[in-house]
Amino acid sequence: MSYVFAGREIAVKRLKKLHELFLPATKNLLLASVSKKASLLVDLGCGPGYTTRALSSIINADEYVGLDNSEYFIDQARELSRDLPQIAYKLHDVTKTSFPVQKADMIYARFLLTHVHTPKRSILDWGTQLSDGGLLFVEETEAKECANNGCKMTIRK
Ligand SMILES: C[S@@+](CC[C@H](N)C(=O)[O-])C[C@H]1O[C@@H](n2cnc3c(N)ncnc32)[C@H](O)[C@@H]1O
């Protein structure tokens, strides 16, 4: 499944707006759930890195890595994070494991699940990329029910 907005300047602007809207909810979720320092935090489907940079200001970690399968977004993310040496970005299709990083203490994915064909399988795969006791956060605003090969999506009220 491809992300229709990927690779366009308007997509970066759209994701910035989306991020500004959802940042308070993301912040609440993370602050309520994480207290320990992480060694490595991985942001799946990071886009131009709005989430990765926010994570670096909310969660204390040694290293932050954003993964995305859009070369355009990865280039934008690198440019927008050039003053943040603790953040790196890698081009990677996150439906494929292993990830090109060491096992992470925390994996975070926002607004990604609706773009993957087999979300349940991906969630299970992502769990294998965590270190012992690591945390996986999947933040979505839509519910997705999967039965057999089909998926039905509903907007959460
Ligand atoms: C709606 S955007 C969300 C971006 C960011 N997580 C946020 O909340 O601002 C979805 C992102 O997932 C990426 N994406 C979709 N499928 C992917 C895949 N299989 N592997 C890696 N990235 C993917 C897209 O390129 C896009 O950057």
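Please read these numbers as outputs of a predicted model, since none were measured by experiment. (Residues numbered from 1 in each chain as written. Predicted model: local features only at pLDDT ≥ 70, side-chain atom pairs only at ≥ 80, totals over all residues. Heavy atoms only, no water.)

A. The overall build of the protein chain, seen in detail. The number of helices and strands found in the protein chain is four helices and seven strands. For the protein chain, the N- to C-terminal ordering of α and β elements is α-β-α-β-α-β-β-α-β-β-β. Expressed as a percentage of its 157 residues, the buried residues of the protein chain come to 40%. In the protein chain, of all internal contacts separated by at least 6 residues, the share reaching a separation of at least 24 is 65%. Carbon and sulfur atoms provide 52% of the accessible area of the protein chain, an area that totals close to 9,100 Å². (Helix = DSSP H or I, 4+ residues; strand = E, 2+ residues; numbered from the N terminus. Buried < 20%, exposed > 50% of the residue type's maximum accessible area, 1.4 Å probe, protein only. Contact = heavy atoms within 4.5 Å. Areas by Shrake-Rupley, 256 points an atom, 1.4 Å probe, with all protein chains shown as cover.)

B. Representation of the side chain of Arg 53. Take Arg 53: it is sitting in helix α2 (residues 50–58). A distance of 3.1 Å separates the side chain of Arg 53 from the backbone oxygen of Pro 48, its partner in a polar contact. Reaching out from Arg 53, the side chain makes a polar contact with the side chain of Ser 81 at a distance of 2.9 Å. Dropping the residues within four chain positions of it, Arg 53 is found in contact with Pro 48, Ala 77, Leu 80, Ser 81, Leu 84, Ile 87 and Tyr 89. (Polar contact = N/O pair within 3.5 Å; in protein donor to acceptor, adjacent residues only side chain to side chain.)

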